[in-house]
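Commentary on secondary and tertiary structure
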Amino acid sequence: IKQKKRHMGDTKHFCPVSLKENFVLYPGLQEHAAKYKEKIYYFSTSEYRDKFLKNPEEYVAHSEPLQAPPLRVCLLGIHGAGKSTCARQIADKLGIFHIQFEEYLQELILPKTKRKVGPSLDEDHEDDYEIPEELEDFSQTTTKTEKEENKEEVKLTDEEEAIKANLVDNTELPPAILDKIVPDWWKKEPFRSTGFILDGFPRSVDEAKYMSEQGLYPDVAVYIQVEEDDILVRLLPPHLKKWKDRRHKKKEYKKKLKELKAKKRV
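Attention in this report is confined to the structure presented alongside it.

What counts, and at which threshold
Residues numbered from 1 in each chain as written. Predicted model: local features only at pLDDT ≥ 70, side-chain atom pairs only at ≥ 80, totals over all residues. Heavy atoms only, no water. Axes fitted to C-alpha atoms, helices over the stretch in contact; angles between N-to-C directions. Helix = DSSP H or I, 4+ residues; strand = E, 2+ residues; numbered from the N terminus. Parallel < 35°, antiparallel > 145°, perpendicular 65-115°, else oblique. Left-handed = near helix turned anticlockwise from the far one by under 90°. Contact = heavy atoms within 4.5 Å. Nonpolar A, V, L, I, M, F, W, Y, C, P; charged D, E, K, R; others polar. Core = buried A, V, L, I, M, F, W, Y, C linked by side-chain atoms within 4.5 Å. Buried < 20%, exposed > 50% of the residue type's maximum accessible area, 1.4 Å probe, protein only. Salt bridge = Lys/Arg side-chain N within 4 Å of Asp/Glu carboxyl O.

Moving on, we come to the packing of helix α5 (residues 101–113) against helix α7 (residues 158–169). Two elements in contact, α5 and α7, have axes separated by 10 Å at closest approach and are oriented at 130°. Between α5 and α7, the angle is such that the two are oblique. Seen from above, α5 lies across α7 with left-handed handedness. On α7, the residues touching Glu102, Leu105, Gln106, Leu108, Ile109 and Lys112 of α5 are Glu160, Ile163, Lys164, Asn166 and Leu167. Class assignment of the residues belonging to the contact of α5 with α7 gives a composition of five nonpolar, two polar and four charged.

This is the structure in structure tokens:
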């Protein structure tokens, strides 16, 4: 009965300090409650409660209601569940950003790797179709300069190596790297004021714990569950096309080698 009679503060059961400083709706706890002007405020930590009590006017509404943060959604599901398709449609409809986590990581290292990396992208290598040195003089497709540029070794930083290992081997990204990526979507523009749907993150318990420890709470997390047969129907045709394209490429490569060897004999 006493709970029903309580007059809650401007942020209701959310922490007003987290809203003001981090622009997130962080649920407050009753054990960290404080009273100000006959209203009850809940705080996420005792430190935030003490901070509020030192200068409460900084965290309460005055002439206008406090602004709530924009919508932030985490969309989860196994590979092939259709996350990106759904995320794009939702983002277009709601006018928020669509962040595809794996694609974002690819973009961070693409200037150095020159191509996307990962299990489904590493089936073919340029070296597999390289013209042997003894036949180069008979080939008009690749100049010496181009070949040198292709073979030029690019050194990745430790951070870029960790990102590449995550994309190729699914190695967990350390918190130090996540610190440079994830918080910006909550705290920096244009994401801070517009909102987003984050597609494919978090992907593990440790990444979910990381978000919790950093106070990076989505408004909703959606898990897309689909049957295996549906995933096969969606993924098998493009994979089959890739396989056919690779076979065709290898066939053309062997044909080209045969022609160059014939020219050399002549």
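It is worth spelling out the nonpolar core at this point. With 22 residues, the main nonpolar core has Phe101, Val182, Trp185, Trp186 and Leu198 as its most contacted residues. Listing elements by their share of this core, those giving two or more residues are α5, α7, α8 (175–178), α9 (183–187), β5 (196–199) and α11 (205–213). Among the elements that take part in this core, α5 stands out by supplying three residues, more than any other. One finds Val17, Ala34, Tyr41 and Phe52 within the second-largest nonpolar core, a separate group that totals nine residues.

With the rule as written, the count across this model stands at 10 salt bridges. With a closest N to O distance of 3.6 Å, glutamate 38 and lysine 35 form a salt bridge. Residue lysine 35 is classed as exposed on the basis of its relative accessible area of 52%. A salt bridge links arginine 203 to glutamate 207; its shortest N-O distance comes to 2.6 Å. Arginine 203 sits in the partly exposed class, given a relative accessible area of 36%. By relative accessible area, glutamate 207 is classed as buried at 3%.

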